[in-house]
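Residues per chain are reported as follows:
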Amino acid sequence: MSISRRSLIKNSAIAAVLLGIKNSAIAKAVERTGIKDFYKDDFRIGTALSTSTLMKNNEALLALVAREFNAITPENCMKWEALKPKDKEWDWTAADKFVEFGQKNNMYIVGHNLVWHSQVPEDVFKNEKGGAISKENLTLKMQNHITNLVSRYKGKIHAWDVVNEAVEDDGSWRKSPWHNIMGENFIAQAFHIANDVDSKAHLIYNDYNTESPAKRNFIVDMVKRFKKQGVPIHGVGMQEHLSIDGPGVAEIEATLIALAGAGVRAHITELDVDVLPSVWNLPTAEVSTRFEYTPERDPYIKGLPKNTEEKLAKRYEEIFKVYLKHHDKIERVTLWGTADSETWLNDFPIRGRTNYPLLFDRKLAPKPAYFRLLDLKK
Ligand code: G3I
């Protein structure tokens, strides 16, 4: 990497002074170039934008995102329930702001998501009388939803998470309403519909725990089948909601290799590293799971101990070493948020904890893990 960190820090520090930026968090942020620049020859580095950041126009956070990242995903504002709430008209306010921000900053814009079992109003799966909807009518609703959404942002959104989380951890189909009513074919249909509307968009199947062998094998088989059948699938999203203790990077590497072998690009779509005590055996991103709050399950309210901070930095380092080794297979690495204050992991699977899974702290300052990732590129 030709960029010298020291000269960048010096030049940007001068810029900060010239701009008269007093807020120390913002000033610190402009003291550096973005991590995206350090990785520009390897893959894009992205983040997720929350609805509140967009709607409240959180200037400090948006400035940091623009500086650090070159890809964005909407954390919630493009989900079915958010865009087309039950019995209400389409609400494009936040989604439009999201796309505008990405375009203004020349970013790779990801749409999240078209078809998911979660965050979709229950009435989608009912007929007008409140009874069971037919397969044909649910197919029409899906078609209508995808067509409205993809055509609105045609040519602006580069990649879509077309189907989210259709596979169980044990390597079987998730018995979601989509699956139960339309059968497993709902996945291929969603990809065809999206491709018919925007044939240039990059279409992704997105899931968590893709490192686990049973799930990995099932998804890879599905992709190979789709490729044979001419289903327009171009990428697989490995969400990568990881823990500080696992899974091992060998499993991440195995998934990257298997996906490339199946002929699709890997997208790291939702990376974060949970540092809090685990309340289950396997990490999961299944949003319906909840546990009781107890103080011993929330040990870092006053800050992360030095040794845990160091462990987190090392964990990020080992994960990125694998990504770098396989950079030719990876389209982008997107973190699921920018600063620890906004992470979903403060409220999952227990509400109201203090977690530290991202690269920037609660004051928007870069953490040791961030610098460790820059060091990998020096
Ligand atoms: O919008 C309401 C708000 O009006 C209300 O005051 C507040 C009270 O709790 O809830 C708000 O909605 C929350 C929403 O996030 C926005 O903050 C929902 O309760 C909460 O369930 C929702 O959680 C999101 C979750 O997906 C479910 O949609 C998380 O922010 C988001 O990070 C998470 O992201 C998912 C990916 O889309 C798919 N992969 C797994 C990943 C993590 O679960």
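Residues numbered from 1 in each chain as written. Predicted model: local features only at pLDDT ≥ 70, side-chain atom pairs only at ≥ 80, totals over all residues. Heavy atoms only, no water.

Asks: What's the story with the overall build of the protein in this structure? I'm lost.
Replies: Along the protein, the regular secondary structure elements total 14 helices and nine strands. Of all intrachain contacts in the protein linking residues separated by at least 6 positions in sequence, the fraction that spans at least 24 positions is 78%. Accessible surface, the protein: about 16,400 Å² in total, of which carbon and sulfur atoms supply 50%. (Helix = DSSP H or I, 4+ residues; strand = E, 2+ residues; numbered from the N terminus. Contact = heavy atoms within 4.5 Å. Areas by Shrake-Rupley, 256 points an atom, 1.4 Å probe, with all protein chains shown as cover.)

Asks: Even after reading the chapter, I still don't get the site of the ligand, so can you show me in this structure?
Replies: The immediate surroundings of the ligand are formed by 15 residues, with Glu 75, Lys 79, His 112, Glu 165 and Glu 270 found nearest. At a separation of 2.5 Å, an oxygen atom of the ligand approaches a polar side-chain atom of Glu 75. A distance of 2.7 Å separates an oxygen atom of the ligand from a polar atom in the side chain of His 112. Computed on the free molecule, the ligand has an accessible area of 790 Å², of which 55% lies beneath the protein chains in the complex. Tallied by class, residues from the shell around the ligand come to five nonpolar, six polar and four charged. (Near = heavy atom within 4 Å. Polar contact = N/O pair within 3.5 Å; in protein donor to acceptor, adjacent residues only side chain to side chain. Nonpolar A, V, L, I, M, F, W, Y, C, P; charged D, E, K, R; others polar.)

Asks: Got a minute to help me understand helix α5 (residues 59-68) in this structure?
Replies: Owing to its 3.6 residues per turn, the α-helix brings residues three or four apart onto one side. Turning to α5, its buried residues number three or more, namely Leu 61, Leu 62, Leu 64, Val 65 and Glu 68. Considered in projection along α5, the buried side chains sweep an arc of 160 degrees and stay on one side of the axis. (Buried < 20%, exposed > 50% of the residue type's maximum accessible area, 1.4 Å probe, protein only. Arc of directions from axis to C-beta.)

Asks: For this particular structure, what's the right way to read the environment of Val 220?
Replies: Residue position: Val 220 is located in helix α11 (residues 213-229). Residue classification places Val 220 among the buried residues on the basis of a relative accessible area of 7%. C-alpha of Val 220 to C-alpha of Gly 263: the two residues are 43 residues apart in sequence and 9.6 Å apart in space. In this structure Val 220 touches Ala 258, Leu 259 and Ala 262, once residues within four positions along its chain are discounted.

Asks: What is the right way to look at the pattern of salt bridges in this model?
Replies: Pairing is possible between side chains that carry opposite charge, provided their charged atoms lie close to one another. If you walk through the whole model with that rule in mind, you get 21 salt bridges. Of the charged contacts in the structure, one is a salt bridge between Glu 310 and Lys 314, with a shortest N-O distance of 3.7 Å. In this pair, Glu 310 and Lys 314 both sit in helix α13 (residues 306-325), four residues apart, roughly one turn of the helix. (Salt bridge = Lys/Arg side-chain N within 4 Å of Asp/Glu carboxyl O.)

Asks: Just checking my understanding: could you explain the side chain of Asp 298 for this structure?
Replies: Position of Asp 298 among the secondary structure elements: in the loop between β8 (265-274) and α13. The side chain of Asp 298 is buried and forms no salt bridge, while Arg 353, the nearest opposite charge, is found at 5.4 Å. Separated by 2.9 Å, the side chain of Asp 298 and the backbone nitrogen of Thr 354 make a polar contact. What Asp 298 contacts, discounting residues up to four positions off in sequence, is Tyr 293, Gly 352, Arg 353 and Thr 354. (Lys, Arg positive; Asp, Glu negative; His and termini not counted.)

Asks: Can you walk me through the side chain of Lys 215 in this structure?
Replies: The residue Lys 215 is located in helix α11 in this model. Among the polar contacts listed, one links the side chain of Lys 215 to the backbone oxygen of Tyr 208, at a separation of 2.9 Å. Ignoring sequence-local partners within four residues, the contact set of Lys 215 consists of Val 167, Glu 168, Asp 169, Gly 171, Asp 207, Tyr 208 and Asn 209.

Asks: Would you mind going over α11 with me for this structure?
Replies: Spanning 17 residues, α11 covers 24 Å between terminal C-alpha atoms, matching the ideal 24 Å at 1.5 Å per step. Every buried residue of α11 is listed here: Lys 215, Arg 216, Phe 218, Ile 219, Val 220, Met 222, Val 223 and Phe 226. Looking one or two places after α11, you find Gly 230, whose phi comes out positive at around 80 degrees. (Expected span 1.5 Å × (residues − 1).)

Asks: When you look at the pairing of strand β3 (residues 108-115) in this model, what are you seeing that I'm missing?
Replies: The side chains of a regular strand alternate, residue by residue, between the two faces of the sheet. Burial runs high along β3: eight of the eight residues are buried. Note that strand β2 (residues 71-74) and β3 share two bridges and pair parallel. Bridge pairing in β3 places Ile 72 opposite Ile 109. Relative to strand β4 (residues 159-164), β3 runs parallel, the two sharing four bridges. Bridge assignment links Gly 111 to a residue of β4, and that residue is Trp 160. This β-α-β element, β3 to helix α8 (residues 135-152) to β4, shows right-handed connectivity. (Pairing = 2+ DSSP bridges. Right-handed = clockwise from strand over helix to strand, strands pointing away.)

Asks: Would you explain the pairing of β2 in this entry?
Replies: A two-sided burial pattern is seen for β2, the buried positions comprising Ala 71 and Thr 73 on one face and Ile 72 and Pro 74 on the other. Two elements, strand β1 (residues 44-49) and β2, share four bridges in a ladder whose sense is parallel. Among the inter-strand pairings, Thr 47 is bridged to a residue of β2, identified as Ile 72.

Asks: Can you walk me through the packing of aromatic side chains in this structure?
Replies: Geometrically, a pair of aromatic rings is defined through the distance of the ring centres and the angle of the planes. Summed over the entire model, instances satisfying the criterion amount to 14 aromatic pairs. Seen from their ring centres, Tyr 39 and Phe 43 are 5.6 Å apart, and the 20 degrees between their planes marks the pair as stacked. An angle of 80 degrees between the planes, with centres 5.0 Å apart, marks the rings of Phe 125 and Trp 178 as edge-to-face. Remark: Trp 178 occurs in helix α9 (residues 177-182) and Phe 125 occurs in the loop between β3 and α8; sequence separation between them is 53 residues. The two residues Phe 125 and Trp 178 agree in class, both being buried. Taken together, the ring pairs connect Tyr 39, Phe 43, Phe 320 and Tyr 323 into an aromatic cluster. (Phe/Tyr/Trp six-rings, centres within 6.5 Å; stacked < 30°, edge-to-face > 60°.)

Geometric values such as these leave the question of function open.
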